[in-house]
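# Observations on chain architecture
For reference, the chains in residue letters:
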Amino acid sequence: MPQGDKSAYTDKQKRKAEHIEQGYEDRGVSHDEAERRAWATVNKDDGGGNKSGSGRGKETGNPAAHKGGRKGGEASASRSAAERSASAKKAAATRKRNAEHHAHH
């Protein structure tokens, strides 16, 4: 399959790549780089295009998209209640400060 040919990908994979690409572009990544990263993520999640062959639609069990919540949960679970509380207070103060800063502009 020539580079750039997306015919072997399912409609769901194409939508997923489009959504990931949009997220990168919203954060200031160039269009070409965002597209490259999006398809790399789809390939990592789903093992490439899944339209033909006996393994079609096979579950990989390790989508990158599901990692974030677990990682965050592990981090906070290993901290004491006092540490979490202090962190929450600091975050609230930062949000308040930022809100005041943006209100003046």
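Scoring rules and cut-offs
Residues numbered from 1 in each chain as written. Predicted model: local features only at pLDDT ≥ 70, side-chain atom pairs only at ≥ 80, totals over all residues. Heavy atoms only, no water. Helix = DSSP H or I, 4+ residues; strand = E, 2+ residues; numbered from the N terminus. Buried < 20%, exposed > 50% of the residue type's maximum accessible area, 1.4 Å probe, protein only. Contact = heavy atoms within 4.5 Å. Axes fitted to C-alpha atoms, helices over the stretch in contact; angles between N-to-C directions. Parallel < 35°, antiparallel > 145°, perpendicular 65-115°, else oblique. Left-handed = near helix turned anticlockwise from the far one by under 90°. Nonpolar A, V, L, I, M, F, W, Y, C, P; charged D, E, K, R; others polar. Salt bridge = Lys/Arg side-chain N within 4 Å of Asp/Glu carboxyl O. Core = buried A, V, L, I, M, F, W, Y, C linked by side-chain atoms within 4.5 Å. Expected span 1.5 Å × (residues − 1). Arc of directions from axis to C-beta.

## Quick word on the overall build of the chain
Tallying secondary structure elements over the chain gives four helices and zero strands in all. From first element to last, N terminus to C terminus, the chain shows the α and β order α-α-α-α. For the chain, buried positions account for 16% of its 105 residues. Excluding contacts between residues fewer than 6 apart, the proportion of contacts in the chain whose partners are at least 24 apart in sequence is 45%.

## Here's the deal with the packing of helix H1 (residues 11-26) against helix H2 (residues 31-46)
With their axes 8 Å apart at the nearest point, H1 and H2 run at an angle of 135° to one another. With respect to each other, H1 and H2 are oriented oblique. Seen from above, H1 lies across H2 with right-handed handedness. Packed against H1, whose contacting residues are Gln13, Lys14, Lys16, Ala17, Ile20, Glu21, Tyr24 and Glu25, the element H2 presents His31, Ala34, Glu35, Arg37, Ala38, Trp39, Thr41, Val42, Asp45 and Asp46 at the interface. The residue makeup of the contact of H1 with H2, split by class, is seven nonpolar, three polar and eight charged.

## As for the pattern of salt bridges
For the coordinates displayed, the defined rule picks out four salt bridges. Between Glu33 and Arg36 there is a salt bridge, with its nearest N and O atoms 2.9 Å apart. Within this pair, Glu33 and its partner Arg36 are both found in helix H2, separated by three residues, close to a single helical turn. Assessed through its relative accessible area of 24%, Glu33 is described here as partly exposed. With its nearest N and O atoms 2.9 Å apart, the salt bridge here joins Glu33 to Arg37.

## Thoughts on the nonpolar core
Membership of the largest hydrophobic core is limited to nine residues, which are Tyr9, Ala17, Ile20, Tyr24, Val29, Ala34, Ala38, Trp39 and Val42. Apart from the residues lying within four places of it in its own chain, the contact partners of Tyr24 are Val29, Ala34 and Arg37.

## Structural notes on H2
Owing to its 3.6 residues per turn, the α-helix brings residues three or four apart onto one side. Spanning 16 residues, H2 covers 22 Å between terminal C-alpha atoms, matching the ideal 22 Å at 1.5 Å per step. Listed in full, the buried residues belonging to H2 are Ala34, Ala38, Trp39, Thr41, Val42, Asp45 and Asp46. Along H2, the residues classed as buried sweep out an arc of 155° about the axis, all on the same side. Considering only its buried residues, H2 is in contact with H1. Following H2 by one or two positions, Gly47 adopts a phi angle in the positive range, close to 75°.

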